[in-house]
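Now for the letters of each chain:
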Amino acid sequence: MLSHVFYGKINPMEVVVNGQIKQVVDGISVQELLDQFQIKPIRVAVERNREIVTRKKFSATRLTAGDQIEIVTFVGGG
Amino acid sequence: MMDNNGLKIGSYTLTSRLIVGTGKYTSLELMRDCHAASGSNCVTVAVRRERLVDKTSGRNILDFIDPEKYILLPNTAGCFTAEEVVRVARLGREMLTDSGFRGADWVKLECLGDTRTLLPEPVGTLQALKTLVADGFQVLVYCSDDVMLCKRLQDEGAAAIMPAGSPIGSGQGVLNPNAIRIILEQLKEKNPDYPVIVDAGVGTASDVSLAMELGVDGVLLNTAIAGAKAPLQMAKAMGLATQSGRLAFEAGRIPRKLYATASSPWEGRINA
């Protein structure tokens, strides 16, 4: 698991997650990003720079500096 | 006698003609109970950013919807352009893919004109429909009660047309029943089973019954239940109104006449 590395100062980079600038460890995967925010993968969909990242590719997809990430879920609506 | 024939929309068969929303409930428990009381087996959901902090103890709305019982209908609420609609629809599909829930391949298309009226924007709606149909979606289109627009949307491959009875959440009911009548006549000309659903604006049970008595195939509502003083009771009322309205439509109402027609026989009166 790389998740503990995230909290260190090793090569941080900036990405934008749901409109907020976040410092993350260089090369973090989508799966690790979700873990960081304690988000269950089964309940969300993820976009990276407007392209959907399928759930199967969460672990293999690594972020680069400046990436725009959207993490969405279902909420109540009509 | 019960209305048992269900409602077929695209590849889905609904056991109830009532589709209910999941918004505005004071608790997820109340939402779940209202869904059960309504008798519906299809519920709409919206796509929004996940909160990165302060997540309500990890509770997700899907944890309060039984995937065995309910089909999810993701909407594109809050979108104002065709581009936004398509983006949100694809995110909804992605979320439902391999999620254990049914509903990944259909969507309620909602492309709004402005925040005050929340009325559908027809040009963006049509553009979004074309893209979504090409992308393999079964599209249920929220639109205005303009028959020409509705015909065009049908021709472009909409799986169902869902004209608003009145503005979203307004509780004004079906403001123009004649427009709905014309839409029904024109859209069902080639295919009597083509689904037309009144979406938005109903306030109480009689609004639902009236819509169903016009011959629409179903009603979609949210605020009328969630915003009622006693939502659970209103949910049951809406389910019954949907059924009674449908039964009355199928039974065929008597024609309206200006003058009276006696129910008791004229012959044999003792004062004759």
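This write-up is about the structure you can find in this document. (Residues numbered from 1 in each chain as written. Chains lettered and ligands numbered in written order. Predicted model: local features only at pLDDT ≥ 70, side-chain atom pairs only at ≥ 80, totals over all residues. Heavy atoms only, no water.)

In this assembly, 35 residues from chain B lie in contact with 29 residues from chain A. Counting each side, the surface lost to burial between chain B and chain A is near 2800 Å², with a carbon and sulfur contribution of 56%. Interface area lost by chain B to chain A is led by R49, L52 and M95 of chain B, which between them contribute 26%. On the surface where chain B and chain A come into contact, there are 4 salt bridges. (Contact = heavy atoms within 4.5 Å. Buried area = accessible area lost by both parts, 1.4 Å probe. Salt bridge = Lys/Arg side-chain N within 4 Å of Asp/Glu carboxyl O.)

Right, let's talk about the sheet that holds strand 6 (residues 106–109) of chain B for a bit. The strands making up a sheet associate through hydrogen bonds between their backbones, and the pairing can be parallel or antiparallel. Residue and element names in this part refer to chain B. Taken in spatial order, the 3 strands of this open sheet run 6-7-8, and their pairing is parallel. Edge strands, defined here as strands with exactly one partner in the open sheet, are strand 6 and strand 8 (160–163). Sheet twist, expressed as the average angle between the axes of neighbouring strands with direction ignored, equals 15°. Bridge count between strand 7 (residues 138–143) and strand 8: 4 bridges; the pairing is parallel. Bridged to C143 within strand 8 is P163. Set on the sheet, helix 3 (residues 122–134) makes contact with strand 6 and strand 7; between it and strand 7 the angle comes to about 175°. (Pairing = 2+ DSSP bridges. Helix = DSSP H or I, 4+ residues; strand = E, 2+ residues; numbered from the N terminus. Axes fitted to C-alpha atoms, helices over the stretch in contact; angles between N-to-C directions.)

Right, let's get into the packing of helix 2 (residues 82–96) of chain B against helix 3 of chain B. Residues and elements named next belong to chain B. Look at helix 2 against helix 3: their axes get within 8 Å of each other, and the N-to-C directions meet at 40°. With respect to helix 3, the element helix 2 is oriented oblique. In this structure, helix 2 meets helix 3 at a crossing whose hand is right-handed. Facing A82, V85, V86, A89 and R90 of helix 2, the residues of helix 3 in contact are G124, Q127, A128, T131 and L132. (Parallel < 35°, antiparallel > 145°, perpendicular 65-115°, else oblique. Left-handed = near helix turned anticlockwise from the far one by under 90°.)

For the rest of this paragraph, the subject is helix 8 (residues 231–251) of chain B. Note that an α-helix has 3.6 residues per turn; residues three or four places apart therefore point the same way. Residues and elements named next belong to chain B. The end-to-end C-alpha separation of helix 8 is 30 Å, in line with the 30 Å expected for 21 residues at 1.5 Å each. All of the buried residues along helix 8 are P231, M234, A235, M238, G239, A241, T242, G245 and R246. Angular distribution of buried residues about the axis of helix 8 spans 160°; they occupy a single face of the element. Opposite its buried face, helix 8 presents the exposed residues Q233, K236 and A251, each directed more than 90 degrees away. On the buried face of helix 8, the contacting elements are strand 3 (18–20), helix 1 (28–38), helix 6 (205–214), strand 10 (218–221) and helix 7 (223–226). (Expected span 1.5 Å × (residues − 1). Buried < 20%, exposed > 50% of the residue type's maximum accessible area, 1.4 Å probe, protein only. Arc of directions from axis to C-beta.)

Across the 8 residues of strand 4 (residues 42–49) of chain B, 6 count as buried, placing the element largely inside the fold. By the bridge criterion, 5 bridges tie strand 5 (residues 68–76) of chain A to strand 4 of chain B in an arrangement that is antiparallel. Along strand 4 of chain B, the bridge assignment pairs F74 of chain A with V47 of chain B. Pairing geometry for strand 4 of chain B and strand 5 (residues 71–74) of chain B, over 4 bridges, is parallel.

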